[in-house]
Amino acid sequence: MQATLPSSASSFDRAAERARVQQERRRNAIVDLVVTLSTIALALLVGFLVMLVVGKDPILAYSSLLSGPLSRSHRAGRWIEDATTLIILGLSVAIPFRARQFSLGAQGQMFIAAMIAAVIAIYLPLPPVLAILLPLAAAMLAGFVTGLLPGLIKAYLNANEIVSTLMLNAVIVLLYDFLLTNVFTPPGAQSLRSELIQPNSMLLRLSAIFGINLGRANLAVVMAAVLVLAVWVLLSRTPLGYEIRIIGANEKFARYGGINTQRTIALSFAIGGAIAAVAGVHLVLGVHQRLIPAIAAGLGFEGIVVALLARNNPLLIPITGLFYSYLRVGGDIMEQEAAVGAEIVQVIPGRHHLAAHRPGAGGLRQIAPIASRAQRVRRHATYFPVCIPWNKHFKRSSARPSSPQCCG
């Protein structure tokens, strides 16, 4: 290993380089936050103008939109409930997104996780703590496998992950509907719904803890907080996270650097699926406490919006999840109190996407960090073991690359 290090490594100031990288990370995080907040403000302005054009009172509408979710305790509880689901889903899709894999499988992973958790929680009597942990573990395993399947297809067969995940979603949702209609709904029931889960499996609701009516918000909010830290640690402090980020920056370079890109891509799908399964557990054990039709209609795709708003940064996803769910809940209240369709709320995140991806600013803003990471990789690869397979490869090869000159 030492023999492959270049002579310039002796003059490498590791402490200074680490400080520079940390400073650059902080600067990028601040820039991401400022860009997100500024585009949100711009989106609100666009929504204001749209309501003026369609003849609605924007002052009354925004008053309902912005103050409605906090006007009553049960509305605040609905906000927390919705934000919990969206934050978990945003985290689940952020992992494959960081590897530049556009997975849309969160919807199906939620449905299959909900089924697995419900079967255990309804039919298997268990002691209090185990009655929650076992459905959670089984659901996450199901989500892991459901995510791994399109990940393997993408990694080893180069199949389009958008098509494979969407097709898998359709299969799982149809299977869910079939089993709910023919298996889980008790005979003679007036509506399509399963039995209630057993009391030991129900997640404690926040209303019982704080003594105020917070609706169906429950302790899954703690799971979401733990997952935020876990995903940040995974992406920022582990070798697997490093590999995911390098693949997202430049997959060819990662492959030349010795990273098993196929294994890492498949794992990014699978881990994302396991996290999406937690959202399904939240819906079954905490929100509905049974299986119902369309238990998570469209939520998987809303999680993608949350992740994109946060630029796939796990520390920003709680902020964007709270913001987006606030708009969702406020939009419903606005529709009731100001006669403005909730569809107008979709203008706001839509405007953000346009700002984030337009060629003149957002598009370059998306590319700039990637270029920066690629530059850091090339620079660091001179000193870190990831460079060694690169050296070995090109020492054996007669076609040594002219760019990037990774190892001098």
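Residues numbered from 1 in each chain as written. Predicted model: local features only at pLDDT ≥ 70, side-chain atom pairs only at ≥ 80, totals over all residues. Heavy atoms only, no water.

Some words on the overall build of the chain
Logical step 1: A tally of helices and strands in the chain yields 16 helices and zero strands.
Logical step 2: Counting only residues that meet the buried cut, the chain has 50% of its 408 residues in that class.
Logical step 3: With an accessible surface of roughly 18900 Å², the chain has 66% of that area assigned to carbon and sulfur atoms. (Helix = DSSP H or I, 4+ residues; strand = E, 2+ residues; numbered from the N terminus. Buried < 20%, exposed > 50% of the residue type's maximum accessible area, 1.4 Å probe, protein only. Areas by Shrake-Rupley, 256 points an atom, 1.4 Å probe, with all protein chains shown as cover.)

Description of the pattern of salt bridges
Logical step 1: Summed over the entire model, instances satisfying the criterion amount to nine salt bridges.
Logical step 2: Between Glu 161 and Lys 154 there is a salt bridge, and its shortest N-O distance comes to 3.3 Å.
Logical step 3: The class of Glu 161 is buried, set by a relative accessible area of 9%.
Logical step 4: Accessibility expressed as a relative area gives 18% for Lys 154, which makes it buried.
Logical step 5: Through salt bridges with shared partners, a single ionic network connects Glu 17, Arg 20 and Glu 24. (Salt bridge = Lys/Arg side-chain N within 4 Å of Asp/Glu carboxyl O.)

Regarding helix α8 (residues 220-237)
Every α-helical turn comprises 3.6 residues, leaving residues that sit three or four positions apart pointing alike.
Logical step 1: Taking 1.5 Å per residue, 18 residues should reach 26 Å; α8 reaches 25 Å between its end C-alpha atoms and fits that length.
Logical step 2: Those residues of α8 lying buried are Ala 220, Met 223, Ala 224, Leu 227, Val 228, Val 231, Leu 234 and Leu 235. Taken around the axis of α8, the buried residues stretch over an arc of 145 degrees, which confines them to a single face. Residues of α8 that are exposed and angled more than 90 degrees away from the buried face: Val 226, Leu 229 and Arg 237.
Logical step 3: Taken together, the buried residues of α8 touch α3 (73-98), α5 (130-157), α9 (239-249), α11 (261-288) and α13 (317-338). (Expected span 1.5 Å × (residues − 1). Arc of directions from axis to C-beta. Contact = heavy atoms within 4.5 Å.)

Description of unusual backbone geometry
Logical step 1: Despite not being glycine, Arg 311 shows a phi value in the positive range, around 55 degrees.
Logical step 2: Structurally, the position occupied by Arg 311 is in the loop between α12 (299-309) and α13.
Logical step 3: Given a relative accessible area of 14%, Arg 311 falls into the buried group.
Logical step 4: Positive phi is not limited to glycine here, since Asn 312 has a value of about 60 degrees.
Logical step 5: With respect to the helices and strands, the residue Asn 312 is situated in the loop between α12 and α13.
Logical step 6: A relative accessible area of 12% places Asn 312 in the buried class.

What about the side chain of Thr 146?
Logical step 1: With respect to the helices and strands, Thr 146 occurs in helix α5.
Logical step 2: According to the relative accessible area criterion, Thr 146 is buried, its value standing at 9%.
Logical step 3: Residue contacts for Thr 146: discarding those within four places in its chain leaves Gln 109, Ile 112, Leu 168 and Ile 172.

Here we look at the packing of aromatic side chains
Logical step 1: According to the stated counting rule, one finds four aromatic pairs in the structure shown.
Logical step 2: Measuring from centroid to centroid gives 5.0 Å for Trp 79 and Tyr 326, while their planes differ by 85 degrees, and the two rings are edge-to-face. A residue pair is termed long-range when its members are at least 10 positions apart, and Trp 79 in helix α3 and Tyr 326 in helix α13 qualify at 247 residues.
Logical step 3: Judged by its relative accessible area of 19%, Trp 79 falls in the buried class.
Logical step 4: Considering the side-chain rings of Phe 97 and Phe 102, the 4.9 Å spacing of their centres and the 5 degrees angle between planes classify their relative orientation as stacked. (Phe/Tyr/Trp six-rings, centres within 6.5 Å; stacked < 30°, edge-to-face > 60°.)

Here's the deal with helix α4 (residues 106-123)
Logical step 1: Between its first and last C-alpha atoms α4 spans 26 Å; for 18 residues at 1.5 Å apiece the expected length is 26 Å, and the two agree.
Logical step 2: With 15 of 18 residues buried, α4 is to be regarded as a mostly interior element.

Let's talk about the confidence of the model for the chain
Logical step 1: This prediction gives the chain a mean pLDDT of 81; 80% of its residues lie at or above 70.
Logical step 2: Mean pLDDT in the chain bottoms out at helix α16 (residues 387-396), which sits at 40, and peaks at α8, which reaches 95.
Logical step 3: Counting contacts from residues 1-5, a segment whose pLDDT is below 50, to residues more than four positions away or on other chains yields six contacts.
Logical step 4: Counted against residues more than four places away or in other chains, residues 358-408, with its pLDDT under 50, gives 79 contacts. (pLDDT = per-residue confidence, 0-100.)

Some details on the nonpolar core
Logical step 1: With 77 residues, the main nonpolar core has Leu 91, Ile 275, Val 284, Leu 291 and Ile 295 as its most contacted residues.
Logical step 2: The greatest single-element share of this core, amounting to 14 residues, is contributed by α11.
Logical step 3: When near neighbours in sequence (up to four residues on either side) are disregarded, Leu 91 contacts Ala 224, Leu 227, Val 228, Val 231, Ile 275, Pro 314 and Ile 317.
Logical step 4: Membership of the second largest hydrophobic core comes to ten residues, among which are Ile 40, Tyr 62, Met 334 and Ala 338. (Core = buried A, V, L, I, M, F, W, Y, C linked by side-chain atoms within 4.5 Å.)

A look at the side chain of Gln 289
Logical step 1: With respect to the secondary-structure elements, Gln 289 resides in the loop between α11 and α12.
Logical step 2: Ignoring sequence-local partners within four residues, the contact set of Gln 289 consists of Glu 195, Leu 196, Ile 197, Met 202, Leu 203, Arg 205, Leu 283 and Val 284.

Regarding the packing of helix α2 (residues 58-71) against α13
Logical step 1: Two elements in contact, α2 and α13, have axes separated by 7 Å at closest approach and are oriented at 125 degrees. The orientation of α2 relative to α13 falls into the category oblique. Helix-helix and strand crossings are classified by hand; for α2 and α13 the assignment is right-handed. Seen from α2, the contacting residues are Leu 60, Ala 61, Ser 64, Leu 65, Leu 66, Ser 67, Gly 68, Pro 69 and Leu 70; seen from α13, they are Tyr 326, Leu 327, Val 329, Gly 330, Gly 331, Ile 333, Met 334, Glu 337 and Ala 338.
Logical step 2: Here the contact of α2 with α13 is composed, by residue class, of twelve nonpolar, five polar and one charged. (Axes fitted to C-alpha atoms, helices over the stretch in contact; angles between N-to-C directions. Parallel < 35°, antiparallel > 145°, perpendicular 65-115°, else oblique. Left-handed = near helix turned anticlockwise from the far one by under 90°. Nonpolar A, V, L, I, M, F, W, Y, C, P; charged D, E, K, R; others polar.)

A look at the packing of α4 against helix α6 (residues 161-184)
Logical step 1: Contact pair α4 / α6: the axes reach a minimum separation of 7 Å and the direction vectors enclose 30 degrees. It follows that α4 is roughly parallel to α6 by the angle criterion. Here the hand of the crossing between α4 and α6 comes out left-handed. Of the residues in α6, those in contact with Gln 107, Gly 108, Phe 111, Ile 112, Met 115, Val 119 and Tyr 123 of α4 are Asn 169, Ile 172, Val 173, Leu 175, Tyr 176, Leu 179 and Phe 184.
Logical step 2: Here the residues of the contact of α4 with α6 sort into eleven nonpolar, three polar and no charged.

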